[in-house]
Every structure is written in C-alpha cells, then in structure tokens.
Amino acid sequence: MDRNIFWTRSLRAARKGKDVVQILAAAINAVDPKKAVQQHLRRSGNKLIISGINSQELSINLSDFNYIFMVAVGKASIPMAGALVGILAEKLTSGIILSKDGLHSHEVDLPASLKLYRAAHPIPDERGVLATQQITALLKQAGVNDLVFLLVSGGASALLTSPADGLTLLDYQQLTEILLNSGANINELNTLRKHIDIVKGGGLARISHPARLISLILSDVIGDPIDVIASGPTTPDPTTFFQCSQIIDNYGITSRIPIRISSLLSAGIVGEVIETPKQGDAIFHRVNNFIIGNNWISAEAACEQAKQAGFNSMLLSTHLQGEARQAGQFIAAIAKQIASLNQPISRPACIVIGGETTVTVTGNGLGGRNQELALAAVCQCAGLKDVAIVTLATDGEDGPTDAAGAVVTGASLSEAAELGLTTADYLRDNDSYHFFKALGDLIISGPTNTNVNDLSFIFAF
C-alpha cells in the first residue's frame, strides 16, 4: 500500500511522522485479503488444506466433487475471489462476487465464469437484492456431491440482502438507518437483520444444503463471533425474535419501526413464523467456517512495526466499544498519563487499541465513529507536547465519508480556536468531518479493499 495516503498536516509536522505513516500502513497490509486467502489455503494436486487463525484445519480432495462454486461478498470480495481463483484454477465451475460501490477490480483478472455485482453500503439497495437473488439461484443448483466456497468480509450484511416474505426493501432500509442512528452496535443490528432476511442467520447454509459448504471469513466484529459476522449466513443462530423485540424496546424506537417488521417480529415471538436455524440442525453438518483475518492481526502488525521504528509499543486491547465520544475521552486520558508520568509505557511510545465504537446521531453534520472519537479527544489533549492520537477505519471509509479517520495533537484545540471552531458545537452536530477538514487533519486513504474494524493509536514522541 502507498504509505503517502496517510499523510496529514500534523503528521508531516510530527517529529516521527514518517514512522507513524509506516505503522498505519503495516496495520493495513497485515490484513491484505488476497494474502489471507493464500496463507490459509494450500493446494497440492487435488488435495486442498484449509486452515483458520485458531489452528483449525481441514483437508479435502477436490476430485470428490462434481462442481465447485464460489460466492464472495463484502468489501474484500474482489481480492479474496482473485486469490481463490488462483488456487482452484480449473477446478472452479462458476461463481458470483458482490462488492461495494467504488471498490476497484482492475488488479484482479477474473475469469468469464465469475459474475461481478455491486451494491450500496451500509444502507442496502435494490441492486443488492437482485444480486442476492442471483446468488441464491446459484446455490440452489449445488447438490450433495458439490462444493461451495463462501468468502465473507466486512460489509456483507448490507450487500447480501433478501427481505423476508411480506417485507419490502424500504422496510429493511428504514430499520437499518434507525438502528445505525440510534447507536446500536453490530451485534444488535445483526440480530435484527437475521430475523428479517432469508439469507442471514444460517439462511445460506439452508439454501446450499446438502452441498459441502466452506466459509472463509475476514472478521470485522469484535471477538470474531461467527454468528454475528455478516449476520451469520452459514452458522446456527443463537438469537431469537424475542431478543429483537428487546433491542427495539431498549433503544426506545418501537413507534418508529416499520409496521410490517413489527408484525413479523410479533408473529415470530408467538411461533407463527419459524425461527432461524439453531445448533444441531442438519443443514450445518457439512459446513465449516474459518476465520482467516481479524483486528488482532492488524493491531499486532502495527505494534511490531512500531518496535522496529524504535517505539516502546503496547497492544492495549482489541475490544474497544461503546459511544465514540466516550472512547475518545478514555484514549485522551491515556495520552495524558504517558505525557505526564511515562505510564503505562515510556516515550517514545506507541499504544494500539482496536475495536469498534458507535455513534448516536443527534445532529445533521458529517462524520464517522473514528472521526467523532478523535474530536472528543481534542480538549483533553490540549497543550500536550509531542503527542498524537490517530484513528483509523481499516476499510478506509469512516461512516458516510471519504475519510478513514483523523489526527489529534496537543495543538489541535488552539489551531481550531484560531479558525473559530468550537469542539462542543461540532460534537453537538456530529460534524467531526468538517472540523478536521478545516484543520487539514483528516486521513484520506481511499478504500483499502479490506475491513477488520477500527484502530486507534496513541503516540508520544
């Protein structure tokens, strides 16, 4: 990856700005989706060995199958598909790729047997529905002597969309937007998605049955729960219609939910609509799921690069969650601790924190969770010498913006004041993007074609 994409005004001015840029690049390069597939699939003749990051391993004979199909969905679907094509070669029968708008495919030579579709994210659109119909039609062709590969990456929940009977795409879109703006986390959002969509919550496993099904997953969810990533299309679903109702009640949005969705959930609670498939269902007997990349790998690579650059580095956690502005204050408090007491590690320091926060939207501004986290840290960092907080969405797109994150230094508050910018006003309007754009401290990377949650960095030079 071109390291120049991470440069901002403050990083250019920082004492070790070049090293910071290299650390960010190392984090992204470590979860390159093409390399992840290649590292976890080894082929020798007809023998294919598949492994996961937890040392899980499976050996299969490709000659045992009449046809081999591939479905790749998500922000990393194109490079993941390209890698699998290179490994399976003549053994691959056909497949479908469903990618997000704006992600390039020019670096991947896709055979004519593969069809590429694009759709919207994070709010699903009609193109996603139509592409999902093509995917389900393909999978229904697979028989007991066939093999299906499903390649999953961040964004798949929105791209792979097939509203349940009686629901419209508009119902689906409205629910998604309401939950996102209410601050619901990915677990809660995907619990609802699994119960209003026929391909989620084990749905693709049901459609593919009785074929052999292998999922290769680039995780974008804290803790890598397979039933949550991409809304668990190939795994048993432990959640219920009743839990969906509880989530809606907890956020106080019952009156805003589309009536058809409310009716579906109510019917599901009393057993009038069948639940999602659970553990022990026969449809999962020939299904294997492998995690091949996650946030920890990215964060650990950043720490290793920091050590090579001469920093004292620490991976503090990969489970950061909660409201972005609260997380920003927490991270700023750590920065102050390093600046004043050289704790928990001494200068030159690099602390890496991974995870995924949420934003409760109350204003009309533009931003994302990484930018809002950074904005919330500005006041506490005021006056700190040779300190920087850097936030980064590993997919290169933070919220509905072209920025991956932002940079905060001890001078950010005073520089904002010179421009007439007040942090409280921009936080109130959820307008972190325009705050950091005015300072020249947005990180603009463009889509990275990968996605393993977010990273925050604390540097003390």
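Now for a description of the structure that goes with this document. (Residues numbered from 1 in each chain as written. Predicted model: local features only at pLDDT ≥ 70, side-chain atom pairs only at ≥ 80, totals over all residues. Heavy atoms only, no water.)

Overview of the overall build of the chain
At step 1: Tallying secondary structure elements over the chain gives 17 helices and 15 strands in all.
At step 2: The C-alpha radius of gyration of the chain comes to 22 Å, within 12% of the 23 Å expected for a compact globule of 461 residues.
At step 3: Oriented by its inertia axes, the alpha-carbon framework of the chain measures out at about 65 × 55 × 35 Å.
At step 4: Expressed as a percentage of its 461 residues, the buried residues of the chain come to 59%. (Helix = DSSP H or I, 4+ residues; strand = E, 2+ residues; numbered from the N terminus. Rg over C-alpha atoms; globule rule 2.2 N^0.38 Å. Buried < 20%, exposed > 50% of the residue type's maximum accessible area, 1.4 Å probe, protein only.)

Describing the pattern of salt bridges
At step 1: Summed over the entire model, instances satisfying the criterion amount to 20 salt bridges.
At step 2: As a salt-bridge pair, Glu 57 and Arg 42 come within 3.9 Å of each other at their nearest N and O atoms. In this pair, Glu 57 is assigned in strand β3 (residues 57–61) and Arg 42 in strand β1 (residues 41–44), connecting sequence segments 15 residues apart.
At step 3: Overall, the relative accessible area of 52% leaves Glu 57 in the exposed class.
At step 4: Exposure remark for Arg 42: the relative accessible area of 40% places this residue in the partly exposed category.
At step 5: The residue Asp 125 makes a salt bridge to Arg 127 at a minimum N-O spacing of 2.7 Å.
At step 6: By relative accessible area, Arg 127 is classed as partly exposed at 36%.
At step 7: Each of Lys 194, Asp 227, Asp 237, Glu 275 and Lys 278 takes part in a single network of salt bridges with overlapping partners. (Salt bridge = Lys/Arg side-chain N within 4 Å of Asp/Glu carboxyl O.)

Concerning the pairing of strand β11 (residues 349–355)
At step 1: Buried residues dominate β11, accounting for 7 of its 7 residues.
At step 2: Of the two faces of β11, the one lined by Ala 349, Ile 351, Ile 353 and Gly 355 and the one lined by Cys 350, Val 352 and Gly 354 are each fully buried.
At step 3: Bridging between strand β10 (residues 312–320) and β11 involves 6 bridges; their strand directions are parallel. What sits directly across from Asn 312, in β11, is Ala 349.
At step 4: Following the chain from β10 across helix α13 (residues 324–341) to the adjacent parallel β11, one finds a crossover that is right-handed.
At step 5: Here β11 runs beside strand β15 (residues 454–460); their pairing, made up of 7 bridges, is antiparallel. Across the sheet, residue Val 352 finds its bridge partner in β15, namely Phe 457. (Pairing = 2+ DSSP bridges. Right-handed = clockwise from strand over helix to strand, strands pointing away.)

Topic: the environment of Asn 451
At step 1: For Asn 451, the position within the fold is in the loop between β14 (442–443) and β15.
At step 2: Judged by its relative accessible area of 7%, Asn 451 is buried.
At step 3: In this structure, the C-alpha to C-alpha distance between Asn 451 and Ala 76, residues 375 residues apart in sequence, is 7.1 Å.
At step 4: The contacts of Asn 451, once residues within four sequence positions are left out, are Lys 75, Gly 154, Gly 155, Leu 218, Ser 219, Asp 220, Thr 394 and Asp 395. (Contact = heavy atoms within 4.5 Å.)

Description of the packing of aromatic side chains
At step 1: Applying the stated criterion to the full structure yields 7 aromatic pairs.
At step 2: Aromatic rings pair up to connect Phe 311, Phe 457, Phe 459 and Phe 461 into one cluster.
At step 3: For the cation-ring pair, Lys 16 lies above Phe 311, with the distance from its terminal atom to the ring centre recorded as 5.2 Å. (Phe/Tyr/Trp six-rings, centres within 6.5 Å; stacked < 30°, edge-to-face > 60°. Lys NZ or Arg CZ within 6 Å of the ring centre and 35° of its normal.)

Overview of the sheet that holds β14
At step 1: If you walk across this open sheet you meet the 6 strands as β10-β11-β15-β12-β13-β14, and the pairing is mixed. Either end of the sheet is taken by a strand with one partner, and the two such strands are β10 and β14.
At step 2: Docked against the sheet, helix α12 (residues 295–308) engages β10, β11 and β15, running at close to 165° with respect to β10. (Axes fitted to C-alpha atoms, helices over the stretch in contact; angles between N-to-C directions.)

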